[in-house]
Amino acid sequence: MRVVLETQAVTKTYQGGSGLINAVDAVALSVHEGEFVALVGPSGSGKTTMLAMLAALLKPTAGAILIDGQDLSTMSEAQRTAFRREKIGFTFQANNLVPFLTALENVELMLRLNGKLDKASQARARDLLARLGLGDRLHNLPRQLSGGQQQRVAIARALIHNPQVVLADEPTASLDTERAFQAVETFAALIHEQRRAGIMVTHDLRMVPYADTVIQMLDGKVSSVLTSRADIAALAGTGRGDRPPTRDITSEARPVNPLRTPELAAALNVV
Ligand SMILES: Nc1ncnc2c1ncn2[C@@H]1O[C@H](COP(=O)(O)OP(=O)(O)OP(=O)(O)O)[C@@H](O)[C@H]1O
Ligand SMILES: [Mg+2]
């Protein structure tokens, strides 16, 4: 299978209170087409920093990131922006929906930016939102949606333009259990069906059985890579090697968590 995304000793160093800290420390990983990776690890282990570098929103201090064989570090800022818009879909810890656009328009925005808004793609946007349980909320503004509904709009927006790489930072943080399972299941299904490379950061280990690979981070480094169903199931605590069953949607969603890094929020406004 073709490698879509690859990092070579990628490192991000920050000035911390007591000297330099490597938020991401010489990480090498690769993701193939059709592969769904769950990125897990304790708070502060470097997951968001890693994802922001993969999304070409943050420059590594050292090392290389290759997407589709192209080295992000050799691109100009303008090239990186164009590359990100076309090839990468992402949703971060806050969803950054455009407040004056409806749910459907927020999703269509990605198509419009890429010059790909036509009847067929508009139908796909509606279908995708319906698949995420928002078929009756297409024309609502973000403020008329619950936090969890907004988060699902952001998931649809990350996927709609068929990006080769899909990155999601805790996309289920403000969803209740049933909706979280449903969203991750849809996310995984689309990555598999469309042969994308997907990485999802999650704190919720119950979600990892949907992933093909689980990468655990600790102190900026990869501490383990799990690919066997049994190992992944053991991590999830299910004790079984199969994926969780499809769930019904029953209860309402909780509000979205605040974004932790203001720089990311600022960077996301370019989208
Ligand atoms: N802009 C910054 N300046 C200085 N240090 C930073 C900055 N951003 C992140 N860090 C530090 O880098 C480390 C990794 O942070 P990161 O946000 O990547 O962690 P994370 O694994 O996503 O955590 P969480 O699970 O809490 O979201 C932490 O020690 C954090 O304090
Ligand atoms: Mg984080």
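To keep things clear, this report deals only with the structure shown in the data block. (Residues numbered from 1 in each chain as written. Chains lettered and ligands numbered in written order. Predicted model: local features only at pLDDT ≥ 70, side-chain atom pairs only at ≥ 80, totals over all residues.)

1. Some words on the overall build of the protein
Okay, so step 1: When helices and strands are counted, the protein shows 8 helices and 10 strands.
Okay, so step 2: In the protein, the share of contacts with a sequence separation of at least 24, taken over all contacts with a separation of at least 6, comes to 74%. (Helix = DSSP H or I, 4+ residues; strand = E, 2+ residues; numbered from the N terminus. Contact = placed C-beta atoms within 7 Å.)

2. Details of the site of ligand 1
Okay, so step 1: Taken together, 13 residues form the shell around ligand 1, and within it Tyr14, Ala23, Ser43, Thr48 and Thr49 come nearest.
Okay, so step 2: Counting only elements with at least two residues in the shell around ligand 1, the list comes to β1 (3–16), β2 (19–32) and α1 (47–54).
Okay, so step 3: Sort the elements by how many residues they give to the shell around ligand 1 and α1 lands first, with 3 residues.
Okay, so step 4: Looking at the shell around ligand 1, its residues break down into 3 nonpolar, 9 polar and 1 charged. (Near = placed C-beta within 6 Å. Nonpolar A, V, L, I, M, F, W, Y, C, P; charged D, E, K, R; others polar.)

3. A closer look at the sheet that holds strand β4 (residues 62–67)
Okay, so step 1: The 4 strands are arranged β2-β1-β4-β5 in an open sheet whose pairing can be described as antiparallel. In this open sheet, the two strands that pair with only one neighbour each are β2 and β5 (70–71).
Okay, so step 2: Pairing of β4 with β5, which is carried by 2 bridges, proceeds in the antiparallel orientation. Each residue of the ladder has a partner; that of Leu66, found in β5, is Asp71. (Pairing = 2+ DSSP bridges.)

4. Focus: the environment of Val37
Okay, so step 1: Position of Val37 among the secondary structure elements: in strand β3 (residues 35–40).
Okay, so step 2: Taking the C-alpha atoms as reference, Val37 lies 9.3 Å from Ala188; in sequence the two are 151 residues apart.
Okay, so step 3: Residues in contact with Val37, not counting those within four places in the same chain, are Val31, Gly198, Ile199, Ala211, Thr213 and Ile215.

5. Details of unusual backbone geometry
Okay, so step 1: A positive phi angle, close to 55°, is found at Asp68, a residue other than glycine.
Okay, so step 2: By the element assignment, Asp68 lies in the loop between β4 and β5.
Okay, so step 3: A positive phi angle, near 45°, is found at Glu170, a position not held by glycine.
Okay, so step 4: Here Glu170 is to be found in the loop between β7 (165–169) and α6 (177–194).
Okay, so step 5: For Glu170, a count of 22 C-beta atoms within 10 Å puts it in the buried group. (Buried ≥ 20, exposed ≤ 12 C-beta atoms within 10 Å, placed from the backbone.)

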